[in-house]
Amino acid sequence: MKIRDSVAFVTGANRGIGLAFAQALLAGGARKVYAAARHPERIPLAGVERVRLDVTNPEDVAAAGRQFTDVDLLVNNAGIALWTGFLAPDSVEAARSEMETNYYGPLLLSRAFAPVLAKNGGGAIVNLLSVLSWVAVPSAGTYSASKAAAWALTNWLRTALRKQGTQVVGVHAGPVDTDMASQLTLPKVTPIEVVRQVLGVVESDRDEVLADEMTRQVKAGLSDREGVYLNFDPERAVLAAK
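So, how was this worked out
- Residues numbered from 1 in each chain as written.
- Predicted model: local features only at pLDDT ≥ 70, side-chain atom pairs only at ≥ 80, totals over all residues.
- Heavy atoms only, no water.
- Helix = DSSP H or I, 4+ residues; strand = E, 2+ residues; numbered from the N terminus.
- Rg over C-alpha atoms; globule rule 2.2 N^0.38 Å.
- Buried < 20%, exposed > 50% of the residue type's maximum accessible area, 1.4 Å probe, protein only.
- Areas by Shrake-Rupley, 256 points an atom, 1.4 Å probe, with all protein chains shown as cover.
- Expected span 1.5 Å × (residues − 1).
- Bend = angle between axes of the 7 residues up to and from the residue.
- Lys, Arg positive; Asp, Glu negative; His and termini not counted.
- Salt bridge = Lys/Arg side-chain N within 4 Å of Asp/Glu carboxyl O.
- Contact = heavy atoms within 4.5 Å.
- Phe/Tyr/Trp six-rings, centres within 6.5 Å; stacked < 30°, edge-to-face > 60°.

Student: Help me out: how do you make sense of the overall build of the protein chain in this one?
Tutor: For the protein chain, the helix and strand inventory stands at seven helices and seven strands. Shown N-terminal to C-terminal, the secondary structure of the protein chain runs as helices and strands in the order β-α-β-β-α-β-α-β-α-β-α-β-α-α. A globule of 242 residues ought to have a C-alpha radius of gyration of about 18 Å, and the protein chain, at 17 Å, matches this closely. Its C-alpha atoms give the protein chain principal-axis dimensions of about 45 × 40 × 35 Å. Relative to its full complement of 242 residues, the protein chain shows a buried share of 51%. Working note: accessible area of the protein chain is about 11,500 Å², and carbon and sulfur atoms make up 52% of it.

Student: Honestly, unusual backbone geometry in this entry has me stumped. Any pointers?
Tutor: Although it is not a glycine, D5 sits at a positive phi angle of roughly 75 degrees. Note on placement: D5 falls in the segment before β1 (7–11). In this model, D205 sits at a positive phi of 60 degrees, which is unusual for a non-glycine residue. Assignment of secondary structure puts D205 in the loop between α5 (191–203) and β7 (208–210). Residue class for D205 comes out exposed when judged on its relative accessible area of 55%.

Student: Help me understand helix α3 (residues 91–119) in this model?
Tutor: Counted at 1.5 Å a residue, the expected span for α3 with its 29 residues is 42 Å, and the 41 Å between its end C-alpha atoms agrees. Considering bend angle alone, the principal kink of α3 is centred on Y104 and spans about 40 degrees; proline P106 follows within four residues of it. At the exit of α3 stands G121, carrying a positive phi of roughly 100 degrees.

Student: Can you help me understand the side chain of K147 in this one?
Tutor: Tracing the backbone shows K147 in helix α4 (residues 141–160). In this structure K147 is buried but unpaired, with E98 as the nearest side chain of opposite charge at 9.7 Å. Beyond its immediate stretch of four places on either side in the chain, K147 contacts N102, L128, L129, S130, L132 and S133.

Student: I tried to follow the side chain of N77 on my own but got confused; where do I start?
Tutor: Examined against the element boundaries, N77 turns out to sit in the loop between β4 (73–76) and α3. In this structure N77 touches T11, G12, I17, G18 and L128, once residues within four positions along its chain are discounted.

Student: I would appreciate a short explanation of the pattern of salt bridges in the present structure.
Tutor: It is possible for side chains bearing opposite charge to pair when their charged atoms get close. For the structure shown, the criterion picks out six salt bridges. E41 is the salt-bridge partner of R52, the closest N and O atoms lying 3.3 Å from each other. Remark: E41 occurs in the loop between β2 (32–37) and β3 (49–52) and R52 occurs in strand β3; sequence separation between them is eleven residues. Residue R52 shares its accessibility class with E41, and that shared class is exposed. Between E193 and R196 there is a salt bridge, and its shortest N-O distance comes to 2.7 Å. One end of the pair is E193 and the other is R196, both in helix α5 and three residues apart, which spans about a single turn. Residue classification places E193 among the partly exposed residues on the basis of a relative accessible area of 26%. Looking at R196, the relative accessible area reads 53%, which means it is exposed.

Student: Just checking my understanding: could you explain the packing of aromatic side chains for this structure?
Tutor: The relation between two aromatic rings is expressed through the spacing of the ring centres and the mutual angle of the planes. Scanning the model with the defined rule gives seven aromatic pairs in all. Taking the centre distance of 4.4 Å and the plane angle of 45 degrees together, the rings of Y34 and F68 count as tilted. Taken as a pair, Y34 in strand β2 and F68 in the loop between α2 (58–67) and β4 lie far apart in primary sequence, 34 residues in all. Each ring, one from W134 and one from W151, has its centre 5.8 Å from the other, and the planes form 80 degrees; the classification is edge-to-face. In this pair, W134 sits in the loop between β5 (124–128) and α4 while W151 sits in helix α4, placing the two residues 17 residues apart along the sequence. A relative accessible area of 9% places W134 in the buried class. In this structure W151 comes out as partly exposed when scored by relative accessible area, which is 29%. The rings of F9, Y34, F68 and F113 are connected pair by pair, giving a single aromatic cluster.

Take a look at the structure:
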């Protein structure tokens, strides 16, 4: 599909990658951009239609699917990272929160908008995943689990929605220069660079974005005899990517 004249619905559009998507879509000639967030008044961008949405609320999501019937590009960007290991005292609560946003959110949105996309010619769904869909680090075990689940969902959607002509794009990236990754000292890719790659893949009808060299190295290492997921070290991955 083409970005020009598209109608996009972007979750988590108040900052970071979501805001960069909204900006790039407008710059690319999208006919309309629905910018969704829990607090849409905080979206610092003119030219979008602000939408109040909690992606973890099934009623909110269902209502959006009924209301915004002209959408042909869904960007499931909203996400949280609580930086919790599985043995931390609050790990179960953190895991539930991250699964609600990072997995059930895209599941609910995709269910709500799949019929809309079909009616509008197929369109596309973009799911923001992570390099941590494939590997885990001690400080983000619960986040990794939620993104691994979202990756599995993305693969299912790609297969299931192929018949209705819907393109499904999975976006994997290492650290991105946003508030979510502010505590990390590793090299970071910029939000606009991630978005630029994603929109290029959407327009070229491909299925996956590997947004930085770390992610490309990790994916290549999944099939190694000693798979990279068995003992992942992000510092070593950075050195290997140089």
